[in-house]
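Working through the structure, step by step
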Amino acid sequence: MNILIVDDTKFNLEYAKNILIENKINCHILLANSGKKALNLLAAQTIDIVILDIVMPEIDGLEVLKEIRKDEKHHNIPVIMFTSLTDKQALKKSFEYGATDFINKPIEPIEFISRVKSAISIRNYALYLNETLDTIKEQNQELLSLNKKLQETQFYLVQKEKLVAIGQLAAGVAHEINNPIGYVSSNTETLSKYIHKIKTAIDQYRKLLDCLSDTDIQSKEVQNHMKELYSLKKKLHLDFIMTDIDSLIDDSFKGLEKITKIVQSLRNFARHDLENDFNYYDFNDLVEETLLLIKNEAKYIIDIEKDLKDLPLTSCNRTQIGQVLLNIMVNAVQAIKSQSREEQGLITISTFSNENYVVCEIIDDGPGIPKDIIDKIFNPFFTTKEVGSGTGLGLSISYDIIVNKHSGELLVSSEVDQGTTFTIKLPIKKMSS
Ligand SMILES: Nc1ncnc2c1ncn2[C@@H]1O[C@H](COP(=O)(O)OP(=O)(O)OP(=O)(O)O)[C@@H](O)[C@H]1O
Ligand SMILES: [Mg+2]
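Just so it is clear, the structure is predicted and the values come from calculations on it, not from any experiment.

Turning next to the overall build of the protein chain. Along the protein chain, the regular secondary structure elements total 11 helices and 12 strands. The C-alpha radius of gyration computed for the protein chain amounts to 44 Å, which surpasses the reference 22 Å derived for 433 residues by more than 25%, pointing to a less compact arrangement than a globule. Reported as C-alpha extents along the three principal axes, the dimensions of the protein chain are approximately 155 × 55 × 35 Å. The buried share among the 433 residues of the protein chain stands at 35%. Of all intrachain contacts in the protein chain linking residues separated by at least 6 positions in sequence, the fraction that spans at least 24 positions is 71%. As displayed, the protein chain has an accessible area near 26,600 Å², and 55% of this comes from carbon and sulfur atoms. Seen as two clouds, the 50 positive and the 62 negative side-chain charges of the protein chain have centres 2 Å apart.

Another aspect to go through is the pattern of salt bridges. Inspection of every chain in the model, using the stated rule, returns 17 salt bridges. Residue arginine 123 pairs with aspartate 48 through a salt bridge whose shortest N-O separation is 3.0 Å. One end of the pair, arginine 123, is in helix α5 (residues 109-214); the other, aspartate 48, is in the loop between α2 (35-44) and β3 (49-53), with 75 residues separating them in the sequence. Taken as a pair, arginine 123 and aspartate 48 share a single burial class, namely buried. In this structure, a network of salt bridges that share partners links the residues Asp7, Asp53 and Lys105.

With that settled, the discussion passes to the site of ligand 1. Around ligand 1 there are 19 residues in total, and Asn331, Thr383, Thr384, Lys385 and Thr391 lie nearest to it. Interatomic distance of 2.4 Å between a side-chain N/O atom of threonine 384 and an oxygen atom of ligand 1. Of all elements in the fold, only α9 (318-337), α11 (394-405) and β12 (419-427) reach the threshold of two or more residues within the shell around ligand 1. Ranked by residues supplied to the shell around ligand 1, first place goes to α9 with three residues. Tallied by class, the residues present in the shell around ligand 1 amount to eight nonpolar, nine polar and two charged.

Quick look at the sheet that holds strand β10 (residues 357-364) now. Paired through backbone hydrogen bonds, the strands of a sheet run either parallel or antiparallel to each other. The strand order β7-β9-β10-β12-β11 describes an open sheet built from five strands, whose pairing is mixed. Bordering the open sheet on either side are β7 (302-308) and β11 (409-415), each of which pairs with just one other strand. Between one strand axis and the next, the sheet turns by 10° as a mean value, whatever way the strands run. The sheet contacts of helix α8 (residues 283-298) involve β7, β9 (345-353), β10 and β12, and relative to β7 the element is tilted by about 175°.

Glancing now at α11. Along its 12 residues, α11 runs 15 Å from first to last C-alpha, staying within 8% of the 16 Å computed at 1.5 Å per residue. Taken together, the buried positions of α11 are Leu395, Ser396, Ile397, Ser398, Tyr399, Asp400, Ile401, Ile402, Val403 and Lys405.

Glancing now at the domain arrangement of the protein chain. Along its sequence, the protein chain is carved into domain 1 (2-107), domain 2 (161-270) and domain 3 (279-427). Summarising the inter-unit geometry, the C-alpha centres of domain 2 and domain 3 are found 38 Å apart.

To continue, consider the confidence of the model for the protein chain. Mean pLDDT over the protein chain stands at 89; residues scoring 70 or higher make up 94%. Across the protein chain, β10 holds the top mean pLDDT of 98, while helix α7 (residues 238-270) sits lowest at 83.

This part is about the environment of glutamine 418. With respect to the element layout, glutamine 418 can be found in the loop between β11 and β12. Among the residues examined, glutamine 418 registers a relative accessible area of 55% and is labelled exposed. Leave out the neighbours within four places in its chain, and glutamine 418 touches Asp364, Asp365 and Gly366.

A word on a nonpolar patch on the surface. On the surface, Leu169, Val173, Ile177 and Ile259 cluster together into a nonpolar patch covering about 300 Å² of accessible area. Considering every element that reaches the nonpolar patch, the biggest residue donor is α5, with three residues. With respect to the helices, strands and loops of the structure, isoleucine 259 is situated in helix α7. Looking at isoleucine 259, the relative accessible area reads 37%, which means it is partly exposed.

A cis amide bond links lysine 105 with the next residue in sequence, proline 106, at an omega value of 0°. Assignment of secondary structure puts proline 106 in the loop between β5 (101-105) and α5. Unlike most non-glycine residues, tyrosine 300 shows phi in positive territory, near 70°. Tyrosine 300 gets classed as exposed once you look at its relative accessible area, which sits at 72%. If you check the backbone angles, phenylalanine 381 has positive phi at about 70° while not being a glycine. Relative to the assigned elements, phenylalanine 381 resides in the loop between α10 (371-374) and α11.

This part takes up the packing of aromatic side chains. Enumeration over the complete set of coordinates arrives at four aromatic pairs. With a centroid separation of 5.6 Å and an interplanar angle of 10°, the aromatic rings of phenylalanine 11 and tyrosine 15 are classed as stacked. One end of the pair is phenylalanine 11 and the other is tyrosine 15, both in helix α1 (residues 10-22) and four residues apart, which spans about a single turn. By relative accessible area, phenylalanine 11 is classed as exposed at 58%.

Bringing the environment of leucine 133 into the picture now. Here leucine 133 shows up in helix α5. Among the residues examined, leucine 133 registers a relative accessible area of 43% and is labelled partly exposed. For leucine 133 and glutamate 415, which are 282 residues apart along the polypeptide, the C-alpha to C-alpha distance reads 41 Å.

Glancing now at the side chain of histidine 406. As for its placement among the helices and strands, histidine 406 is situated in the loop between α11 and β11. On the basis of relative accessible area, histidine 406 is assigned to the buried category, the value being 2%. Of the polar contacts made by the side chain of histidine 406, one reaches the backbone nitrogen of asparagine 317; its length is 3.0 Å. Beyond its immediate sequence surroundings of up to four residues, histidine 406 is in contact with Phe278, Ser315, Cys316, Asn317, Gln320, Ile321, Ile401, Leu426, Pro427 and Lys429.

Conventions and cut-offs
Residues numbered from 1 in each chain as written. Chains lettered and ligands numbered in written order. Predicted model: local features only at pLDDT ≥ 70, side-chain atom pairs only at ≥ 80, totals over all residues. Heavy atoms only, no water. Helix = DSSP H or I, 4+ residues; strand = E, 2+ residues; numbered from the N terminus. Rg over C-alpha atoms; globule rule 2.2 N^0.38 Å. Buried < 20%, exposed > 50% of the residue type's maximum accessible area, 1.4 Å probe, protein only. Contact = heavy atoms within 4.5 Å. Areas by Shrake-Rupley, 256 points an atom, 1.4 Å probe, with all protein chains shown as cover. Lys, Arg positive; Asp, Glu negative; His and termini not counted. Charge placed at Lys NZ, Arg CZ, Asp CG, Glu CD. Salt bridge = Lys/Arg side-chain N within 4 Å of Asp/Glu carboxyl O. Near = heavy atom within 4 Å. Polar contact = N/O pair within 3.5 Å; in protein donor to acceptor, adjacent residues only side chain to side chain. Nonpolar A, V, L, I, M, F, W, Y, C, P; charged D, E, K, R; others polar. Pairing = 2+ DSSP bridges. Axes fitted to C-alpha atoms, helices over the stretch in contact; angles between N-to-C directions. Expected span 1.5 Å × (residues − 1). Domains from an automatic or database assignment. pLDDT = per-residue confidence, 0-100. Patch = residues over 30% accessible without salt bridge, like charges linked within 9 Å, V, L, I, M, F, W, Y side chains within 5 Å. Phe/Tyr/Trp six-rings, centres within 6.5 Å; stacked < 30°, edge-to-face > 60°.

Take a look at the structure:
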């Protein structure tokens, strides 16, 4: 404990010091014979108690007291004022300025020592309180960060649970649908060929019918057949059927293609066979490959800018990461296209790395994602796209791939009418040499 005694009278300083020593007060005593010296000492080291004379030349005790209380780190220091009984006005002031106690002059040893002792216990108590407060603050901080971690873990767990459940469901559904899709596709293909042949034949029959109607036919029977055929043609709307049939078949093929794609994504989603197919790749190569696929979609409407920094090779599953990049880039293209705007859109893809991660940002200047749905976009089957144009699986698959399968992070930030940024962070796993 450091006790600072301030008095311009040398005798008082020595006398007070001796009382402390004689009473074996366990402390380090510092003496200052002016206000200035006292303030210097206070600035230079930790002082626990100040015993301060009020009347001093230049900087008096009240000034020193004011300075002490100005400084936040000295708030808790007990300050005992030395005062003569006649100096009531100054004593009153010193309490206004924050003095803790006073000791009468001339110094009376018993009074002096009892005041100092009570100041010591006040100081000890304040120090103890400060320490406790610091511990509480630290614990509070720890609790806050634990709470945050818990929330994150809970989110990941819920997400993972959902994905596992949906994965199992997807695998089952995909398996069940895949077989009928196979024969419906192949039958439709055969049917389309048959229909083409039937159409060719019908065309010929119709040409023959038209030819016959221009000739003079005697046979009543033939005439009746021809009549019947003409009325059938009308009744069955044969002309319309002949033109509509091609677009029906076209639509069926498109529909089948869509179903096949959905089943394929469902199967990818539930696939475990390629799960361990990890190797070392340059992430930029995967970006370039995906860009090749997406470029055509973006042609004339969206500029694509790249800023790909040199990256360390990192271990990942090429097919899966390709799928993530494609999902996110397709979303960006679709988002910009949905605006049907006049000016060109812009998608910027940048990669860089830091000590721990390869980072890829995919930024679009599209419509952005409203705040009330941004928490849902990683949920399986969440989509804002028209029925039939989005399955709502793209981002949930991507999330599963990045977070669960690659121990990385997939982050989104978005501003309505400004655009959206998806950030992929893949942990760098160095090749063991
Ligand atoms: N770049 C983006 N800008 C604006 N909205 C986006 C963007 N990316 C995703 N979204 C929103 O997130 C939703 C979910 O995206 P997700 O890729 O999972 O499904 P989808 O694109 O709707 O369908 P799918 O990818 O299965 O064909 C989208 O419907 C869209 O509302
Ligand atoms: Mg999508």
